[in-house]
Amino acid sequence: MTYSVSPIGFVRSCFKEKFAIPRQPQLAPAARGVLELVAPFDQGDAVQGLEQVSHVWLLFLFHQALEEKPRLKVRPPRLGGNKSMGVFATRATHRPNGIGQSVVKLDRVEAHRLFISGIDLLDGTPILDIKPYVPYADIIPGARNDIASAAPQLIDVQWAESALQQAHTHAQRLDEPLVELIEQCLAQDPRPAYQTPAPEREYGAQFWDLDVRWHYPTPEQIRVLEVIPVSA
């Protein structure tokens, strides 16, 4: 038996590529985006009452990780990317039906769009449904997950002086908390856990319309090297 679903909207996100996106929502509060609704959900009636809600659950498609053949086991980044585990014991992007869920902060509601933050969603992500977060039901005292019992340990993020100035300049242009976004995302240490970075190797990721470059002076520290517009 098969079913078909259609997106009710798409996310316009600060994350333009998968690398450096936080592996869970709420880890980078400065990560912002807009959920733009499509017809017939863009008339206002569908979001009436959401102004009374601080957070929402988003059900979405991992549209860049869809696969024809289901995976029974995956290698979650939390375990270093070199240990396999049953797909249903993880939140890996390789899902049987490509469906993910995130709880995000609802900053503002308009008739045809929702302004959201604390996101972990790639630009263009198709949204399948929106559900209000209900604290008394969604917070479960005593719940446990022995695989991921605590948030990942953060790595120290430092800046080259020129890169910090670039970030402040572009933050004013974008009217976005760019410095905080970069620090919060890089502090999660986006590189694969099994990889020991050499100091001379540079890494990069795109935030909004900017290319952010960094390296690891030591394995326990990141230094942002430059924040420049993405080349055409």
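Note: the structure precedes this text.
Quick summary incoming for the structure in this document. (Residues numbered from 1 in each chain as written. Predicted model: local features only at pLDDT ≥ 70, side-chain atom pairs only at ≥ 80, totals over all residues. Heavy atoms only, no water.)

What follows deals with the overall build of the protein. A count of helices and strands for the protein gives three helices and 12 strands. Here the C-alpha radius of gyration of the protein, 19 Å, is about what a compact globule of 232 residues would show, namely 17 Å. When the backbone C-alpha atoms are referred to their principal axes, the protein occupies close to 50 × 45 × 40 Å. Across the 232 residues that make up the protein, the buried fraction comes to 39%. In the protein, once contacts between residues fewer than 6 apart in sequence are set aside, the share between residues at least 24 apart is 71%. (Helix = DSSP H or I, 4+ residues; strand = E, 2+ residues; numbered from the N terminus. Rg over C-alpha atoms; globule rule 2.2 N^0.38 Å. Buried < 20%, exposed > 50% of the residue type's maximum accessible area, 1.4 Å probe, protein only. Contact = heavy atoms within 4.5 Å.)

Turning our eyes to something else, we now look at the nonpolar core. Inside soluble globular proteins, nonpolar side chains tend to come together where they are buried. In terms of nonpolar packing, the biggest core is built from 53 residues, with Ile130 and Leu181 touching the most fellow members. At six residues, helix α3 (residues 178–186) tops the list of elements feeding residues into this core. Ignoring sequence-local partners within four residues, the contact set of Leu181 consists of Cys14, Phe15, Ala30, Ala31, Phe207 and Trp208. (Core = buried A, V, L, I, M, F, W, Y, C linked by side-chain atoms within 4.5 Å.)

With six bridges joining them, strand β10 (residues 202–207) and strand β11 (residues 210–218) adopt antiparallel strand pairing. Pairing of Phe207 across the sheet is with Leu210, part of β11. Between the antiparallel neighbours β10 and β11 lie two residues, among them Trp208 with a positive phi of about 50 degrees. Sheet analysis places β11 next to strand β12 (residues 221–229), joined by seven bridges and oriented antiparallel. Across the sheet, residue Arg213 finds its bridge partner in β12, namely Glu226. (Pairing = 2+ DSSP bridges.)

Time to look at the sheet that holds strand β6 (residues 99–110). What the six strands build is a closed barrel, ordered β1-β2-β7-β6-β3-β8; its pairing is antiparallel. Averaged over all pairs of adjacent strands, the angle between strand axes in this sheet comes to 45 degrees, irrespective of strand direction. The sheet contact formed by strand β1 (residues 9–13) and strand β2 (residues 32–37) spans five bridges and is antiparallel. The residue of β2 that forms the bridge with Arg12 is Val34. (Axes fitted to C-alpha atoms, helices over the stretch in contact; angles between N-to-C directions.)

Honestly, that's just the spatial picture; any functional story needs more than this.
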